[in-house]
Amino acid sequence: MSHDVVPPRPGTATLPTEQPIRFIEPNGELAPGDAHGGFALPPIADLVDMHRRMSVARRFDTQVTALTRQGRLATYPSALGQEAAEIAASRALLPGDWLFPTYRDTIALLDRGVNAESILSFFRGDWHMAFDPYEHAVAPQSTPLATQALHAVGFATAATRRGEDTVCLAMLGDGASSEGDAHEAFNFASVWNAPVVFLIQNNQYAISTPTRRQFAARTLADRAVGYGMPGHYVDGNDAAAMLAVLRDAVAHARAGGGPTLVEAYTYRIESHTNSDDPTRYREDDERRSWQERDPIARLEKFLEAREAFGDEDRLRVQEESEHLAASTRDAMNATPELDPLEIFDHVYSAERTSLLEQRAFLEAELASAEPAIGSGGAR
Ligand SMILES: Cc1ncc(C[n+]2csc(CCOP(=O)(O)OP(=O)(O)O)c2C)c(N)n1
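Cut-offs and rules
Residues numbered from 1 in each chain as written. Predicted model: local features only at pLDDT ≥ 70, side-chain atom pairs only at ≥ 80, totals over all residues. Heavy atoms only, no water. Salt bridge = Lys/Arg side-chain N within 4 Å of Asp/Glu carboxyl O. Helix = DSSP H or I, 4+ residues; strand = E, 2+ residues; numbered from the N terminus. Buried < 20%, exposed > 50% of the residue type's maximum accessible area, 1.4 Å probe, protein only. Expected span 1.5 Å × (residues − 1). Polar contact = N/O pair within 3.5 Å; in protein donor to acceptor, adjacent residues only side chain to side chain. UniProt positions renumbered as here; feature names shortened; annotations may be inferred. Near = heavy atom within 4 Å. Nonpolar A, V, L, I, M, F, W, Y, C, P; charged D, E, K, R; others polar. Phe/Tyr/Trp six-rings, centres within 6.5 Å; stacked < 30°, edge-to-face > 60°. Lys NZ or Arg CZ within 6 Å of the ring centre and 35° of its normal.

## Concerning the pattern of salt bridges
In total, this model carries 26 salt bridges according to the counting rule given. Of the charged contacts, one joins Arg22 and Asp235 as a salt bridge, the two residues approaching to 2.7 Å between their closest N and O atoms. Taken together, the residues span a long stretch of sequence, with Arg22 in the segment before helix H1 (44-69) and Asp235 in strand S6 (residues 231-235) at a distance of 213 residues. Since its relative accessible area comes to 5%, Asp235 is described here as buried. With a shortest N-O distance of 2.9 Å, Arg316 and Asp313 are connected by a salt bridge.

## Looking at helix H9 (residues 239-254)
For H9, built from 16 residues, the straight-helix expectation of 22 Å at 1.5 Å per residue is met to within 8% by its first-to-last C-alpha distance of 22 Å. Among the residues of H9, those classed as buried are Ala239, Ala240, Ala241, Met242, Leu243, Ala244, Val245, Leu246, Ala249, Val250 and Ala253. Near the N-terminus of H9, the side chain that reaches the backbone nitrogen of Ala240, with its oxygen 3.0 Å away, is that of Asp238. Among the residues trailing H9, Gly256 stands out with phi positive, at a value near 95°.

## With respect to the UniProt feature "domain: Dehydrogenase E1 component" (unreviewed entry) in the protein
Residues annotated by UniProt as "domain: Dehydrogenase E1 component" (unreviewed entry) correspond here to residues 53-326. Measuring from the first to the last C-alpha atom of residues 53-326 gives 17 Å, for a span that is 47% helix and 11% strand.

## Section: the environment of Arg112
Looking at the element boundaries, Arg112 is found in the loop between helix H3 (106-111) and helix H4 (116-124). Each C-alpha atom of the pair Arg112 and Asp4 lies 51 Å from the other, and the pair is 108 residues apart in sequence. A polar contact is formed between the side chain of Arg112 and the backbone oxygen of Asp97, at a distance of 2.6 Å.

## Considering the site of the ligand
In the neighbourhood of the ligand, 15 residues make up the surrounding shell, with Tyr103, Arg104, Gly175, Ala176 and Tyr205 lying closest. Measuring from an oxygen atom of the ligand, one finds a side-chain N or O atom of Arg104 at 2.8 Å. Between the ligand and Asn203, the relevant distance is 3.0 Å, taken from an oxygen atom to a side-chain nitrogen or oxygen of the residue. Classifying every residue of the shell around the ligand by side-chain character gives seven nonpolar, five polar and three charged.

## Re the packing of aromatic side chains
Inspection of the entire model under this criterion finds 14 aromatic pairs. With 4.8 Å between their ring centres and 70° between their planes, Phe186 and Phe198 make a pair best called edge-to-face. With a gap of twelve residues between them, Phe186 in helix H7 (residues 180-191) and Phe198 in strand S3 (residues 196-202) connect regions that are remote in the sequence. There is no split in this pair, since Phe186 and Phe198 are both buried. With a centroid separation of 6.0 Å and an interplanar angle of 55°, the aromatic rings of Tyr233 and Tyr265 are classed as tilted. Of this pair, Tyr233 sits in strand S6 while Tyr265 is found in strand S7 (residues 260-265), placing the two residues 32 residues apart along the sequence. By relative accessible area, which is 10% here, Tyr233 ends up buried. Feature note: the residues Tyr205, Tyr233, Tyr265, Tyr267, Tyr281 and Trp290 constitute an aromatic cluster, connected by ring pairs. Here the guanidinium or amino end of Arg293 rests over the ring plane of Trp290, the centre of that ring lying 3.9 Å away.

Here it is in structure tokens:
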């Protein structure tokens, strides 16, 4: 029996860099060339644009958190501190490409042009989804962890077979990367050479579970090697690095190079959602140390030093941010007119007897409840 030596498969990935790829240091200075991971600094105009978008997104995020505390929304998973990864994900894609986000990625949707009120109706609980995914090339925000990674692979593979050059970018968290769905998605994206970019935002915690209890690999980007695709370990709080690496990964996918796994090493500043108390599982000092690596402040310093950002720009950005915050408040302060019977719409394409019966039951209940509500409510 012959034991032929199997030649290495072409394209088998090499290990990502030991340190996260970085262009801009936390103090705003340019990082030394060997930290750039072989990537080129994006044009300054693109970084100015990133800064504006990140700042507007942050104001939106803090506004939504406030509305949640006021009881206007049921829940909101904040992306405060993760703006560099979120906005770079949106900016790296061309208009026809598709984003497959999670519940955490609201600001990426906003940046892709989805209307704030439509996005938030999901968190308010009126509608599962109030926007047309095809209009924005944005899939529904996935609450089950990592399912969207599989959807992205299927969608991208179908697009390739139709002869389209659509790239899909799937966003997932460190916790989601432990799910079977994530591993299946990584594997088949690579086997099928699908034009997909997987962006794992490693924000250190899956609710209260720290990453040391999630995985034993050196980095999550290291996993790419085992799946046979390139992997990049990136400073997730550096907008320049995130944009450079994600753009490169999208171009690689579009050129037929297949998937890439990108890990953004970052931190969630806020709680998991408004129903979580992070003081029970992490120290305040840790959060403060990450606030010092703030993605917006560091980009601002970098741009200021190059005279690409000044007081006038700051005012313009503040105005745009406050305008969005005010219209978001107005939209969420208006009491929605809800039709409880809508829950039965859009469930199946054809009518189903059991659903019709349930609908009729609820309709009768509502009809009998109306006089009591109209006459001052139940006693
Ligand atoms: C399949 C599945 N299992 C469990 C949950 C419950 N759950 C919701 S969020 C979460 C943690 C996710 O952490 P991570 O992926 O790191 O994302 P992050 O919230 O930190 O952005 C868990 C376990 C879920 N939504 N879906």
